[in-house]
Amino acid sequence: MGFLLQTFPERAAVWAQVFAEAGETLYCGADQVKDPADIRYLACWTPPADLGIYPNLELVISVGAGVDQMPAMPKGVRLCRTLSPGIDEMVRDWVVMATLMLYRDMPTYLSQATSGHWKAHDVPLARNGRVGIMGMGRIGRLVAKTLGGLGFNVAGFSRSGTAVEGVRIFGADALEPFLHESDVLICLLPLTDETRGLLNAELFSKMPKGAHLVHAGRGAQLDMADLRSALDSGRLGSAMLDVTNPEPLPEDHWAWTDPRVIVSPHVAASTDHREGAEHALAVLRSSRAGAALPGLVDTTVGY
Ligand code: NDP
Ligand code: OXD
């Protein structure tokens, strides 16, 4: 019952150590596999083009929180994402930083700094600000708790509309009223058929004039041309993007130099190697025990 990891050397070294400590065998790279029929488990960011080369594959684990980069799984192969407190905390920190930067006018001050221009603008109070979080899962809830603790009025939008303490929740049929109240809109949605291209002109038109966008979900959810038009018309005031459309963002893309936009290169989180390996071990053990798999993805909803 072989477990194959396909990744870069630094991560592979840590996983090899964690698996060895647990008395488990791990193949680090396809070149270590003598008989492909031995492979039951595969951990990777993207799998080999033809998963059929592993005829007895049962389970694929994404080494990140997202699974949208994965192809459709062959029949009978289950898919898990990585659940790791470190990922959730890193994204929370990036989102809180971005929210504060936009709410406190940092794009304007960074722009003024390029010409040494000393000029103060109105200073807003967090408790007068309304943030709207799209995606109230593991990360969205953590972000809500932290921003609520800073005094922001926090609303959340999710498919199910499941209640979250201290947060005004809007379900899938209440996107419009949710947007009306989002001075800072934070996107933490997974990329699915339903969320692809969701951040577009129509959505921006429902937000308060001059509102801000914080995007840490997936690049393909955002229409970058619509974002530019919304900034030009004053519909949006500024945006901070950790994920872009496309990725990587081309060197000459307007968003790099637009003073109203701050871009980081998909670095809100990076899975801690040890936490990732421990999660994979938990999946392996649950699978052997026939128990519920941590991070199992419901592939019937599309991703
Ligand atoms: P979860 O699966 O825990 O939460 C997803 C949330 O999105 C749930 O609240 C879900 O609703 C909601 N949702 C899904 N589809 C829709 C929809 N069509 N309409 C409304 N709400 C919807 O995911 P995580 O919090 O762990 O991660 C969220 C995403 O963050 C990842 O998929 C990834 O894209 C991104 N990410 C980005 C990183 C980065 O470095 N920039 C790092 C890690 C993650 P419900 O609660 O009803 O199911
Ligand atoms: C992830 C990511 O999905 O880094 O973990 O975006």
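The structure displayed is predicted, hence computed values, not measured ones.

In this structure, what is going on with the overall build of the protein? I would like to understand it.
Scanning the protein from terminus to terminus reveals nine helices and 12 strands. On C-alpha atoms alone, the protein measures out to a radius of gyration of 21 Å, which is about the 19 Å that the 2.2 N^0.38 rule sets for 303 residues. Overall size of the protein, expressed as C-alpha extent along the three principal axes, is 65 × 40 × 30 Å. Restricting to contacts in the protein with at least 6 residues of sequence separation, those with at least 24 account for 59%. As displayed, the protein offers around 14600 Å² of accessible surface, 53% of which is attributable to carbon and sulfur atoms. For the protein, the distance from the average site of its 26 positive side-chain charges to the average site of its 34 negative ones is 5 Å.

Sorry if this is basic, but what is going on with the environment of Ser229 here?
Its place among the elements puts Ser229 in helix α7 (residues 224–232). Among the residues examined, Ser229 registers a relative accessible area of 44% and is labelled partly exposed. Separated by 201 residues in sequence, Ser229 and Cys28 have C-alpha atoms that sit 47 Å apart.

Would you mind showing me how to read the packing of helix α1 (residues 9–21) against helix α9 (residues 273–289) here?
Geometrically, a packed helix pair is captured by the angle between its two axes and the distance between the axes. Interhelical geometry of α1 versus α9 gives an angle of 45° and a closest axis separation of 9 Å. Relative to α9, the element α1 lies oblique. The hand of the α1/α9 crossing is right-handed. The segment α1 lies against α9, with Glu10, Arg11, Val14, Trp15, Gln17, Val18, Phe19 and Glu21 engaging His273, Arg274, Gly276, Ala277, Glu278, Ala280, Leu281 and Leu284.

So what exactly am I meant to see when it comes to the sheet that holds strand β4 (residues 59–62) here?
The strands making up a sheet are joined through hydrogen bonds of the backbone, oriented either antiparallel or parallel. Strands sit in the order β2-β1-β3-β4-β5 across an open sheet of five strands; the sheet is parallel. In the strand order of this sheet, the two ends are held by β2 (27–28) and β5 (78–80), each with one partner. Looking at chain direction, β4 and β5 are connected through three bridges and run parallel. When the sheet's bridge partners are listed, Leu59 is paired in β5 with Arg78. Contacts from α1 reach β1 (2–6), β2 and β3 (39–44) within the one sheet, and its direction differs from that of β1 by about 155°. Across the sheet, α9 is in contact with β1, β3, β4 and β5; its angle to β4 comes to roughly 155°.

In this structure, what is going on with the environment of Ala216? I would like to understand it.
By secondary structure assignment, the location of Ala216 is in the loop between β10 (211–215) and α7. On the basis of relative accessible area, Ala216 is assigned to the buried category, the value being 13%. Measuring from C-alpha to C-alpha, the distance between Ala216 and Met240 comes to 8.7 Å, with 24 residues separating the pair along the chain. Those residues in contact with Ala216 that sit more than four places away from it in its chain are Val91, Trp94, Val95, Cys187, Leu188, Asp242 and Val243.

So what exactly am I meant to see when it comes to the packing of aromatic side chains here?
When we look at a pair of aromatic rings, we describe it by the centre distance and by the angle of the planes. Here the structure, examined in full by the defined rule, presents seven aromatic pairs. For the ring pair Phe3 and Phe19, a centre distance of 5.0 Å and an interplane angle of 70° mean the geometry is edge-to-face. Pair noted here: Phe3 is in strand β1 and Phe19 is in helix α1, with a separation of 16 residues, a long-range link. Accessibility assignment for this pair places Phe3 and Phe19 in one class, buried. Measuring from centroid to centroid gives 5.1 Å for Tyr103 and Phe152, while their planes differ by 75°, and the two rings are edge-to-face. On the criterion of sequence distance, the pair formed by Tyr103 in helix α2 (residues 85–103) and Phe152 in the loop between α4 (138–149) and β7 (153–157) is long-range, its members being 49 residues apart. Tyr103 sits in the buried class, given a relative accessible area of 12%. Its relative accessible area of 5% is what places Phe152 among the buried residues. One aromatic cluster is present, built from ring pairs that chain together Phe3, Trp15, Phe19 and Tyr41.

In this structure, what is going on with the site of ligand 1? I would like to understand it.
Neighbouring ligand 1 are 26 residues; Met136, Arg138, Ser160, Glu194 and Asp242 lie closest to it. Between ligand 1 and Arg138 there is a distance of 2.9 Å, counted from an oxygen atom to a backbone nitrogen or oxygen. Measuring from a nitrogen atom of ligand 1, one finds a side-chain N or O atom of Asp242 at 2.9 Å. Taken by itself ligand 1 offers 940 Å² of open surface, and the protein chains cover 87% of this. For the shell around ligand 1, the elements supplying multiple residues, two or more each, are α2 and α4. Tallied by class, residues from the shell around ligand 1 come to 13 nonpolar, seven polar and six charged.

Analysis parameters
Residues numbered from 1 in each chain as written. Chains lettered and ligands numbered in written order. Predicted model: local features only at pLDDT ≥ 70, side-chain atom pairs only at ≥ 80, totals over all residues. Heavy atoms only, no water. Helix = DSSP H or I, 4+ residues; strand = E, 2+ residues; numbered from the N terminus. Rg over C-alpha atoms; globule rule 2.2 N^0.38 Å. Contact = heavy atoms within 4.5 Å. Areas by Shrake-Rupley, 256 points an atom, 1.4 Å probe, with all protein chains shown as cover. Lys, Arg positive; Asp, Glu negative; His and termini not counted. Charge placed at Lys NZ, Arg CZ, Asp CG, Glu CD. Buried < 20%, exposed > 50% of the residue type's maximum accessible area, 1.4 Å probe, protein only. Axes fitted to C-alpha atoms, helices over the stretch in contact; angles between N-to-C directions. Parallel < 35°, antiparallel > 145°, perpendicular 65-115°, else oblique. Left-handed = near helix turned anticlockwise from the far one by under 90°. Pairing = 2+ DSSP bridges. Phe/Tyr/Trp six-rings, centres within 6.5 Å; stacked < 30°, edge-to-face > 60°. Near = heavy atom within 4 Å. Polar contact = N/O pair within 3.5 Å; in protein donor to acceptor, adjacent residues only side chain to side chain. Nonpolar A, V, L, I, M, F, W, Y, C, P; charged D, E, K, R; others polar.

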